[in-house]
Structures are given as C-alpha cells and as structure tokens.
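Chain by chain, the residues:
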Amino acid sequence: MYSTILFIFSTFWIANQAQIWNGTFQMNSTCITTSCCCVSRELVVTRPTTNTLSVNANLTGVCFGLNALSDTEEYPNGYTLSVTISLLTLDIILSNDSNTLTITNSLMPQCNGKAVRKMLQIVTVTVSTTTQVSNSAMHQYMNMMMMLWSFILFICMKNHF
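So, how was this worked out
Residues numbered from 1 in each chain as written. Predicted model: local features only at pLDDT ≥ 70, side-chain atom pairs only at ≥ 80, totals over all residues. Heavy atoms only, no water. Helix = DSSP H or I, 4+ residues; strand = E, 2+ residues; numbered from the N terminus. Buried < 20%, exposed > 50% of the residue type's maximum accessible area, 1.4 Å probe, protein only. Areas by Shrake-Rupley, 256 points an atom, 1.4 Å probe, with all protein chains shown as cover. Pairing = 2+ DSSP bridges. Polar contact = N/O pair within 3.5 Å; in protein donor to acceptor, adjacent residues only side chain to side chain. Contact = heavy atoms within 4.5 Å. Disulfide = S-S within 2.5 Å.

Caption draft 1: Structural detail: the overall build of the protein. When helices and strands are counted, the protein shows two helices and eight strands. Its helices and strands taken in sequence order, the protein reads α-β-β-β-β-β-β-β-β-α from the N to the C terminus. Out of the 161 residues in the protein, the part that is buried amounts to 28%. Of the roughly 10,300 Å² of accessible surface on the protein, 62% is carried by carbon and sulfur atoms.

In structure tokens form, the structure reads like this:
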C-alpha cells in the first residue's frame, strides 16, 4: 500500500514540473544558411506578461529581407510555441527539463536547429522565478497531501465498516 501511494505521489510530482521558457539560448544549429532562414548565435525568450512570451533573435540566410525575429505570442499550454517569420511558421519546442529548444520548420526540415540554455541564464531564471515555482509546488504538494489523506481515510472507513 505504501509503495502504491509513493508511486502515485512521485508520478504526480514529476508530471507537474514547471516549464521555464525565459532565458537566453545558444544556437547549436545545422541550419543551412544558403537555402534557409536560420537563427544565428542566440535566441532570447522573455515573458512580458503572465499570458505572453516574446522571442527575439538575429536571423541569417534566406530570410526574405529580414535580419531579426521579434515576436510575441500567447503563453503556450504545452511545450510548443509557434512563431511566424514572414510566410514561414516555426515551432519552438521546449524540452522537458527546460534546457533545450528545438526549432522545427515543417516545410523545410533541413532548416531545423537546436539551442541550449546558457548556464549563466539558468541561475538568473531560477532566482527570478523561485517564488512562482515555489508557490506552485507548494500548492501542488498541498493538493496531493489532501488527496492522499482523503484516500487513506476512505480505505480506513471502508475496512472499518
């Protein structure tokens, strides 16, 4: 019984890790600049409001005359954020550990790229979001504990009657 409760608690806790989009990501791209519009050097993601994310980056290659990306989108429900560069839509996918971004172009897969969170930025993001993550984690912990105690009480009452 205790192992079942521990398993349920662990699964719930892991499944509800917070996404951390904010940060500066270093491009490690194989994007082909002779035929693609590529993000060069760094991609910066900020959260100007609780409901939006902003993506800023320098562009290189075949970018329809653009040299920079500056886009603000609604905060995503999942781990994918879609941004538009002229006629192209790019999907930016955040890894489960929030340390890697994968940039995909569904029309031209050779234009895909990856970006890794800069180590210095992890400290900044962690410090700036500690309160929000802690409050969220505490809220999730309290909900889980209430569910756990309700479950234990239910089992005890069921066995008693």
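Caption draft 2: Region of interest: the pairing of strand β7 (residues 100-104). By the alternation rule, side chains of β7 split into Leu 101 and Ile 103, which are all buried, and Thr 100, Thr 102 and Thr 104, of which none is buried. With four bridges joining them, strand β6 (residues 88-94) and β7 adopt antiparallel strand pairing. Following the sheet pairing, Ile 93 is matched in β7 by Thr 102. Hairpin connection between β6 and β7: a loop of five residues separates the two successive antiparallel strands, and Ser 98 in this loop has a positive phi of roughly 65 degrees. Alignment of β7 against strand β8 (residues 113-117), held across four bridges, turns out to be antiparallel. Looking at the pairing, Thr 100 lines up with Val 116 of β8.

Caption draft 3: Fine view of the side chain of Gln 19. Its place among the elements puts Gln 19 in the loop between α1 (2-15) and β1 (23-27). Within the structure, the side chain of Gln 19 is placed 3.0 Å from the backbone oxygen of Gly 78, a separation counted as a polar contact. Non-local contacts of Gln 19, meaning those with residues more than four positions away in its chain, are made with Tyr 75, Pro 76, Asn 77, Gly 78, Tyr 79, Leu 94 and Ser 98.

Caption draft 4: Structural view of the pairing of β6. Where burial is concerned, the two faces of β6 differ: the one with Leu 88, Leu 90, Ile 92 and Leu 94 is buried and the one with Thr 89, Asp 91 and Ile 93 is not. Note: strand β5 (residues 80-85) against β6, six bridges, orientation antiparallel. By the bridge assignment for β6, Thr 80 is matched with Ile 93. Count of turn residues in the β5/β6 antiparallel hairpin: two residues, of which Ser 86 carries a positive phi of about 55 degrees.

Caption draft 5: Inspection of the environment of Phe 64 at higher detail. Mapped onto the fold, Phe 64 is located in the loop between β3 (52-61) and β4 (68-74). Taking the C-alpha atoms as reference points, Phe 64 and Ser 86, 22 residues apart in sequence, are found 7.2 Å from one another. Contacts of Phe 64, omitting those with residues within four sequence positions, involve Ser 86 and Leu 88.

Caption draft 6: Summary view of the state of the cysteines. Under the defined criterion, the tally for this structure stands at three disulfides. The residue that forms a disulfide with Cys 31 is Cys 38, at a sulfur-sulfur distance of 1.9 Å. Given an S-S torsion of about -80 degrees, the disulfide between Cys 31 and Cys 38 has left-handed geometry. Comparing Cys 31 with Cys 38, the two get one shared label, buried. Between the sulfur atoms of Cys 37 and its disulfide mate Cys 63 the distance is 2.2 Å. Disulfide Cys 37-Cys 63: torsion about the S-S bond near 105 degrees, hence right-handed. Pair noted here: Cys 37 is in strand β2 (residues 37-49) and Cys 63 is in the loop between β3 and β4, with a separation of 26 residues, a long-range link. With a relative accessible area of 11%, Cys 37 lands in the buried category. Regarding the disulfides, the protein carries the connectivity 1-4, 2-6, 3-5 under sequence-order numbering of its bonded cysteines.

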